[in-house]
Amino acid sequence: VVSGGRFFLDFWNVERSFDNHVTYRWDVPRAKGMITKVDSGPFEDAVEKLRIYADSPKVFMISKYDSLLSILAGKYSGTEFFELRSMIVTDEEYRRVRTQLASSDILFVDNDIDRDFDAEMDRMVLWNMLPGLFYEHRYQRILKLKVLRQLYRDVVAENYNLIDKGLLVSVYRRKSSR
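First things first, this report covers the structure right here in the doc. (Residues numbered from 1 in each chain as written. Predicted model: local features only at pLDDT ≥ 70, side-chain atom pairs only at ≥ 80, totals over all residues. Heavy atoms only, no water.)

## Looking at the environment of Phe43
Inclusion rule: A helix here means a DSSP run of H or I that spans at least four residues, while a strand means a run of E at least two residues long, and both kinds are numbered starting from the N terminus. Residues are treated as being in contact if the distance between any of their heavy atoms lies within 4.5 Å.
With respect to the helices and strands, Phe43 occurs in helix H2 (residues 41-53). Between the C-alpha atoms of Phe43 and Val169, which are 126 residues apart in sequence, the distance is 8.7 Å. Not counting residues up to four positions away in its chain, the partners in contact with Phe43 are Trp26, Val38, Tyr65, Leu68, Leu69, Leu72 and Leu168.

In structure tokens, the structure reads:
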């Protein structure tokens with residue numbers, strides 16, 4: 001009874017939050033009509049980049065949005081994982097993914113991939129000050145994003161050129177490619 005009551009209270013709060021926030025109706029074909037509190041513009045731009053530059057259904061991304069963008073664009077990941085952020089756990093997995101990414105002529109990469117995550121962790125917010133779940137979740141998220149940043153530094157930074165800067169992700173081409 002308590003969990004059922006909690007579910008309906010959470011559901012009601014989520015529904016109510018749509019009354020108090022700006023909402024967006026998405027026009028991306030695979031999410032058409034979805035109403036969210038997230039502006040679809042950057043995602044639509046990323047899907048368009050995938051459509052233009054990915055000449056096959058297989059795409060290589062270093063992005064916290066890789067699984068969502070793959071679904072929205074009707075593509076699939078060229079790496080062995082459908083979502084890099086949470087799936088790379090061991091050094092061996094990291095090496096395999098690095099090799100898989102480096103095999104592609106075109107890479108799609110988050111624009112904010114090389115930001116200062118330590119500065120983000122140092123910012124004091126309410127959730128940082130509370131012990132337990134909130135801090136741990138934030139800390140784990142940052143560690144996972146640092147893995148993506150390291151992939152960018154190991155694979156992209158020296159070996160690829162930026163060819164198209166998007167709103168959410170940018171497109172890189174291998175330097176040895178024409």
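Additional details are given in the paragraphs that follow.
## What to know about the layout of surface pockets
Unfilled space is identified by rolling a water-sized probe across the atoms. Rules: In this analysis, the protein atoms alone were mapped onto a 1 Å grid. Cavities are point sets where a 1.4 Å probe fits without being able to get out; pockets are open sets with protein on both sides within 12 Å along at least five of seven lines; lining residues have an atom within 4 Å of a point. Grid points are joined across faces, edges and corners, and a volume is the space filled by probe spheres set on the points. Amino acid classes used here: Ala, Val, Leu, Ile, Met, Phe, Trp, Tyr, Cys and Pro are nonpolar; Asp, Glu, Lys and Arg are charged; the rest, including Gly, are polar.
Size it by volume and the largest pocket reaches roughly 200 Å³. Each residue belonging to the lining of the largest pocket can be placed in one class, and the counts come to six nonpolar, two polar and three charged.

## Examining the pattern of salt bridges
The condition that has to hold: What counts as a salt bridge is simple: a side-chain nitrogen of Lys or Arg found within 4 Å of a carboxyl oxygen of Asp or Glu. The buried label applies to any residue whose accessible area, calculated with a 1.4 Å probe on protein chains only, is under 20% of its type's maximum; exposed applies above 50%, and partly exposed to all values in between.
Counted according to the given criterion, the structure contains 12 salt bridges. Glu92 is the salt-bridge partner of Arg96, the closest N and O atoms lying 3.8 Å from each other. Taken together, the residues Arg96 and Glu92, both in helix H5 (residues 91-102) and four residues apart, mark about one turn of the helix. For Arg96, a relative accessible area of 32% corresponds to the partly exposed category. The partner of Arg115 in a salt bridge is Asp112, and the shortest N-O contact between them spans 2.6 Å. What makes Arg115 partly exposed here is its relative accessible area of 23%. The network of salt bridges with shared partners includes Lys64, Asp110, Asp112 and Arg115.

## Side note on H2
The condition is simple: A helix is expected to span 1.5 Å for every residue after the first.
For H2, which comprises 13 residues, the first-to-last C-alpha distance of 18 Å matches the rise-based estimate of 18 Å (1.5 Å per residue) to within 8%. Within H2, the full set of buried residues consists of Phe43, Asp45, Ala46, Val47, Lys49 and Leu50. Along its buried surface, H2 packs onto strand E3 (58-59), strand E4 (61-62), helix H3 (66-73), strand E6 (106-110), strand E7 (160-165) and strand E8 (169-174).

## Side note on the pairing of E8
Quick note on the threshold: DSSP calls a pair of strands paired once it identifies at least 2 bridges connecting them.
Counting buried positions over the six residues of E8 gives five, a clear majority of the element. When E6 meets E8, the two strands line up antiparallel, connected through five bridges. By the bridge assignment, Asp110 is partnered in E8 with Val169. Adjacent in sequence and paired antiparallel, E7 and E8 are bridged by three residues.

## Some remarks on the pairing of E6
Buried residues dominate E6, accounting for five of its five residues. What you see with E6 is no split at all: Ile106, Phe108 and Asp110 on one side and Leu107 and Val109 on the other are buried throughout.

## Description of empty space enclosed by the protein
Applying the stated criterion across every chain yields a total of one cavity of 30 Å³ or more. For the largest cavity, the calculated volume is near 30 Å³. Val59, Phe60, Met61, Asp66, Ser70 and Ser77 together form the lining of the largest cavity. A per-class count over the lining of the largest cavity returns three nonpolar, two polar and one charged.

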